[in-house]
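# Descriptive analysis of the structure
Letter by letter, the chains look like this.
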Amino acid sequence: MDLRGYLKVLARRWPTVLICLLLGVGAGEAATVASTPVYEARTQLFVATRSGADTTELNQGQSFSQARVQSYAAIVATRQVTEPVIRELRLRTTPDELASRITADAPLNTVLINIAVRDTVPKRAARIADAVADHFVTVVERLETPKRAPEPRKPGNGSASTLSTLSPVSLGVTQQADVPHRPVSPKLLLDLAAGLLGGLVLGAGIVAAREALDTTIKTSDALGELTSLPVLGSIPYDKSASQKRVAAGTSVRAEAFRKLRANLQFAQVDDRPRVIVVTSPVPGEGKTATAVNLALSLADAGIRTCLVDADLRRPAVARTFGLVQDAGLTTVLIGKAGVEDVVQQADGKLAVLTSGAVPPNPTELLSCGRMKELLGELADDYEVVIVDSAPLLPVADTIGLAPLADGALLVVRASRTGRDQIRGAAESLSRIGVRVLGTVFSMSSALKGKGYGYGYGAAEVPEPRPAPVTEKSVPSAKTVPPAESAGSVASAESSESSESSEAVVSAEPATSASRSDSAGT
């Protein structure tokens, strides 16, 4: 997957990324609240050399101090400094623990030493910093004090003695430690930024993992590449489709079914199928809604169409149109009635053969010779027969029924049907020699907007207003022909009617007002 594809995946799964971002920010804020504030007190020392007033000696002393000052900074956190501080301030800690809270640095090309001490109590941090500076001065001067060679033993002395001289360096405190007022840790903005970044990384990782484990089809292009079959239609998702399978006349979903009708008609120009089986890999793919709306769309186009409910496991066509289900396909197959006796009308334009009573052996019933004869009779009486059949993978009903038809449509639901399921369903139809006309990608992401993509649809045309009557207006018995007064309206109506097959615009003829006397004159 390239970067562009990954960004599309992130955009599609934005709720997951948003939740992870919120969790990261919340974790950062929680860490800030739960952390104990830490304060930092700082002090500064100046390192000088005891030298004469001569310029050469001063330069040599300056170079000596700069060379030594880096080594001095490393001595600040040693036990020689921390142990006396603990004893003096009576701290309840260890030298090593106190050393971990002390930092010292010497800026380059300077003779300054900066000492910082961190503690949870502001005043205690300042006291420790001052105490560390004082004891550090003592330790450095003691270490830098040269020792004389031992003098010869004199009678009466037990051992040789060493006499100390002054230290060549002198350390002075240039800045006492002030009591800090603001903690240096935790830092709210830093914690929030870290939480935000962590949440983003977590969200991206989860999305990548889900995408790698997700085998469902997300786009119609991916469906075409997987099956090597033409995608005849992409039906957008509609929340109300579960309660109302029939698409509204001017909705985006209805237009998608009209496009499916057109693609189906022009895709098989040389050998147009008369009997078409509509099936899906698994239940819940939208095959019944596809069969119902495709049949209605064909009937709207003036094509004599019959819809057959051959899903004898879960029949739903009769419930969709509010028809009688008990008498239908199974009634004809067992010889209790003829086709003309049980065919019902839906919306006054579509012939519907409901499922009838649910039999105990639907697979055998749908693959029998009488079923083939029945489909032949319907094909003779109607131009197109749409057969809603059971899913392919759970049951074998469609395996026996599909070879009796002229072709099959495979309905696949977006973001739900797995690749293996789609591949298995297509291979099942191919093994039995069924002519697969194409696939239908159902419940895909809907386009933004209301109605058809270009705003076509039925509109109300306002009635023409009569011309105002003035005092100089002379009534006339002669009326303007309706074509003159409604000419502009009629032209607008014809333009709208030609663009949308669903928009039916009518305008009542209206009489114009009397011509003015100036026109009469």
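Residues numbered from 1 in each chain as written. Predicted model: local features only at pLDDT ≥ 70, side-chain atom pairs only at ≥ 80, totals over all residues. Heavy atoms only, no water.

A contiguous patch of negative charge, built from Glu 340, Asp 341, Asp 380 and Asp 381, is present on the exposed surface. Those elements that provide at least two residues to the negative patch are helix 13 (339-342) and helix 15 (369-381). In this fold, Asp 381 is placed in helix 15. For Asp 381, a relative accessible area of 47% gives the class partly exposed. (Patch = residues over 30% accessible without salt bridge, like charges linked within 9 Å, V, L, I, M, F, W, Y side chains within 5 Å. Areas by Shrake-Rupley, 256 points an atom, 1.4 Å probe, with all protein chains shown as cover. Salt bridge = Lys/Arg side-chain N within 4 Å of Asp/Glu carboxyl O. Lys, Arg positive; Asp, Glu negative; His and termini not counted. Charge placed at Lys NZ, Arg CZ, Asp CG, Glu CD. Helix = DSSP H or I, 4+ residues; strand = E, 2+ residues; numbered from the N terminus. Buried < 20%, exposed > 50% of the residue type's maximum accessible area, 1.4 Å probe, protein only.)

For the bond from Ser 185 to Pro 186, the omega torsion is 0°, close enough to zero to count as cis. With respect to the element layout, Pro 186 can be found in the loop between strand 4 (169-175) and helix 7 (188-213). Backbone geometry at Arg 90 places phi at a positive 55°, although glycine is not the residue there. Structurally, the position occupied by Arg 90 is in the loop between helix 4 (79-89) and helix 5 (95-100). Its identity is not glycine, yet Asn 109 carries a phi of approximately 60°, on the positive side. Along the chain, Asn 109 falls in the loop between strand 2 (102-105) and strand 3 (112-119). Taking the relative accessible area as the measure of exposure, Asn 109 reaches 60% and is therefore exposed.

Here we come to the side chain of Asn 293. For Asn 293, the position within the fold is in helix 10 (residues 287-300). For Asn 293, a relative accessible area of 4% corresponds to the buried category. Here Ala 289 takes part through its backbone oxygen, which lies 2.7 Å from a polar atom of the side chain of Asn 293. (Polar contact = N/O pair within 3.5 Å; in protein donor to acceptor, adjacent residues only side chain to side chain.)

Ordered in space as 2-3-1-4, the four strands form an open sheet in which the pairing is antiparallel. Lying at the two open borders of the sheet, with one neighbouring strand each, are strand 2 and strand 4. Each strand of the sheet is rotated relative to its neighbour by a mean of 25°, with strand direction disregarded. Pairing of strand 1 (residues 39-49) with strand 3 involves eight bridges; the strand directions are antiparallel. In the strand pairing of strand 3, Tyr 39 is matched with Asp 119. The sheet contacts of helix 6 (residues 122-144) involve strand 1, strand 2, strand 3 and strand 4, and relative to strand 1 the element is tilted by about 20°. (Pairing = 2+ DSSP bridges. Axes fitted to C-alpha atoms, helices over the stretch in contact; angles between N-to-C directions. Contact = heavy atoms within 4.5 Å.)

Here the idea is simple: oppositely charged side chains can pair when their charged atoms come close. One pass over the full model with this rule turns up 20 salt bridges. Across the pair Arg 101 and Asp 119 runs a salt bridge, and its minimum N-O distance is 2.2 Å. Of this pair, Arg 101 sits in the loop between helix 5 and strand 2 while Asp 119 is found in strand 3, placing the two residues 18 residues apart along the sequence. For the pair Arg 101 and Asp 119, one class covers both residues: buried. Linked by salt bridges that have partners in common, Arg 12, Arg 13, Glu 211, Asp 214 and Lys 218 make up one network.

So, about the nonpolar core. If you look at the biggest cluster of nonpolar residues, it comprises 41 residues, and the most contacted ones within it are Val 308, Leu 329, Leu 353, Met 371, Leu 374, Leu 378 and Val 387. With five residues, helix 15 is the largest single contributor of residues to this core. In this structure Val 308 touches Leu 329, Leu 353, Leu 378, Val 385, Ile 386, Val 387 and Asp 388, once residues within four positions along its chain are discounted. Counting 33 residues, the second largest nonpolar core, distinct from the first, contains Val 47, Ala 131, Ala 133 and Phe 136. (Core = buried A, V, L, I, M, F, W, Y, C linked by side-chain atoms within 4.5 Å.)

What follows concerns the sheet that holds strand 11 (residues 407-413). As summarised here, the arrangement of the eight strands in space is 5-12-11-6-10-7-9-8, forming an open sheet in which the pairing is mixed. Because the sheet does not close on itself, it has two edges, and the strands there are strand 5 (231-236) and strand 8 (344-346). When strand polarity is set aside, the average angle formed by the axes of neighbouring strands in this sheet is 25°. In terms of strand pairing, strand 6 (residues 275-279) meets strand 10 (residues 384-388) through four bridges, oriented parallel. If you follow Val 278 over to strand 10, its bridge partner there is Asp 388.

Moving on, we get to the environment of Ala 262. Considering the arrangement of structural elements, one finds Ala 262 in helix 9 (residues 252-267). Sequence separation of Ala 262 and Leu 298 is 36 residues, and the distance between their C-alpha atoms is 9.2 Å.

This paragraph deals with the packing of helix 2 (residues 14-34) against helix 7. The contact between helix 2 and helix 7 brings their axes to 7 Å, and the two run at 150°. Taken as axis vectors, helix 2 and helix 7 run roughly antiparallel relative to one another. For the pair helix 2 and helix 7, the crossing hand works out as right-handed. Taken together, the residues of helix 7 that come into contact with helix 2 (itself represented by Thr 16, Val 17, Cys 20, Leu 21, Gly 24, Val 25, Gly 28, Glu 29 and Thr 32) are Leu 188, Asp 191, Leu 192, Gly 195, Leu 196, Gly 199, Leu 200, Leu 202, Gly 203, Ile 206, Val 207 and Arg 210. (Parallel < 35°, antiparallel > 145°, perpendicular 65-115°, else oblique. Left-handed = near helix turned anticlockwise from the far one by under 90°.)

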